[in-house]
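Next come the chains, spelled out residue by residue.
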Amino acid sequence: MERGTREEMLDRLAEAVGSVTVTHPTRVAIDGPPAAGKTTLADELAAVLRTRGRDVIRATIDDFLFPRARRYPRGEYSAEGCYFDAHDYDTLNRVLLDPLGPSGDRRFQPAVYDRTADIVLSPPVTTAPADAVLVFDGVFLLRPELIGRWELRVFVSTALDKTVDRAVIRERRVSSRAEVERRWHERYIPSQRLYFATVRPTEHVDIVVHNDEPRQPVWATRTR
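Everything numeric in this text was worked out from a predicted model, so none of it was measured.

**Describing the pairing of strand S9 (residues 152-157)**
By the criterion of burial, S9 is predominantly enclosed, with five of the six residues buried. Sheet analysis places strand S2 (residues 26-31) next to S9, joined by four bridges and oriented parallel. Looking at S9, one finds that Asp 31 is bridged to Phe 155. Looking at chain direction, S9 and strand S10 (residues 207-210) are connected through four bridges and run parallel. Each bridged residue has a counterpart across the sheet, and for Ser 157 the counterpart in S10 is His 210.

This is the structure in structure tokens:
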């Protein structure tokens, strides 16, 4: 375990990215529970990598959700639905992860869905440089459909009860406390427990960032 400042932790992650030696873009997964701080960390890491001269592709699992009409076949508060039905992994692999992988042509699309508008997107296809870095954040990134498609795997760990409090603050403009707490206690937290029970994600990562205190993180490098 290492403890340090936020900047020291980000430097360590950037060094880990730089240590990857492949002939195609480096695909970095930033996994963890909802409201653990994945998006913030991914944005910060992307900024650090850009200052080091890397071409960064920023993408998120939220842009590979199924449309709302298809997303809740088991009900809006189903934990199993959250884990099994929410995300379009086939399309994620086809338009982003596989094109950037060892057998890909580096022609990719970074998103296929706008969550706010609930509409399907078809952005222009872009060609990534061979030394680009994909920084991709989201839940369930080490599930069987995805686990073999990352060169570097980071898990942002936070006590699940803390994620509820963070979510209440984050979503206070669009949802009541009661709505957020119900969604977390019935859907999101149980789906994370299902993920941990079936996949054991922290056993398959390179770095775990303990983010209970974001300005004073603790991190551990693991050997797969």
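**Re the environment of Ala 69**
For Ala 69, the location among the structural elements is in helix H3 (residues 68-71). Since its relative accessible area comes to 84%, Ala 69 is described here as exposed. The sequence separation of Ala 69 and Gly 104 amounts to 35 residues, and the corresponding C-alpha distance is 32 Å.

**Side note on the side chain of Asp 206**
You can see Asp 206 is positioned in the loop between helix H7 (177-199) and S10. Within the local environment of Asp 206, its side chain forms a polar contact with the backbone nitrogen of Arg 153, the two atoms lying 2.7 Å apart.

**Some words on helix H1 (residues 6-18)**
Taking 1.5 Å per residue as the helical rise, H1 with its 13 residues ought to reach 18 Å, and the 18 Å between its terminal C-alpha atoms agrees with that figure. Along H1, the residues that are buried comprise Arg 6, Met 9, Leu 10, Leu 13, Ala 14, Ala 16 and Val 17. Within H1, the buried residues cover an arc of 155 degrees as seen down the axis, which keeps them to one side. Here the buried face of H1 lies against S2, helix H2 (38-51), strand S8 (133-137), S9, S10 and strand S11 (218-221).

**Points about the sheet that holds S8**
Where strands meet in a sheet, backbone hydrogen bonds hold them as pairs that are either parallel or antiparallel. Across the sheet, which stays open at both edges, the seven strands sit in the order S1-S11-S10-S9-S2-S8-S3 with mixed pairing between neighbours. Across the chains shown, the open sheet's two edge strands, defined by having one partner strand only, are strand S1 (2-3) and strand S3 (56-60). Bridging between S1 and S11 involves two bridges; their strand directions are antiparallel. Bridge assignment links Glu 2 to a residue of S11, and that residue is Trp 219.

**Notes on helix H5 (residues 89-97)**
Of all nine residues that make up H5, seven are buried, and the element is covered over most of its length. Among the residues making up H5, those that are buried are Tyr 89, Thr 91, Leu 92, Asn 93, Val 95, Leu 96 and Leu 97. For H5, the secondary structure elements touched by its buried residues are S2, S3, helix H4 (79-84), strand S4 (107-108) and S8.

Procedures and definitions
Residues numbered from 1 in each chain as written. Predicted model: local features only at pLDDT ≥ 70, side-chain atom pairs only at ≥ 80, totals over all residues. Heavy atoms only, no water. Buried < 20%, exposed > 50% of the residue type's maximum accessible area, 1.4 Å probe, protein only. Helix = DSSP H or I, 4+ residues; strand = E, 2+ residues; numbered from the N terminus. Pairing = 2+ DSSP bridges. Polar contact = N/O pair within 3.5 Å; in protein donor to acceptor, adjacent residues only side chain to side chain. Expected span 1.5 Å × (residues − 1). Arc of directions from axis to C-beta. Contact = heavy atoms within 4.5 Å.

Read these as geometric descriptors, not functional statements.
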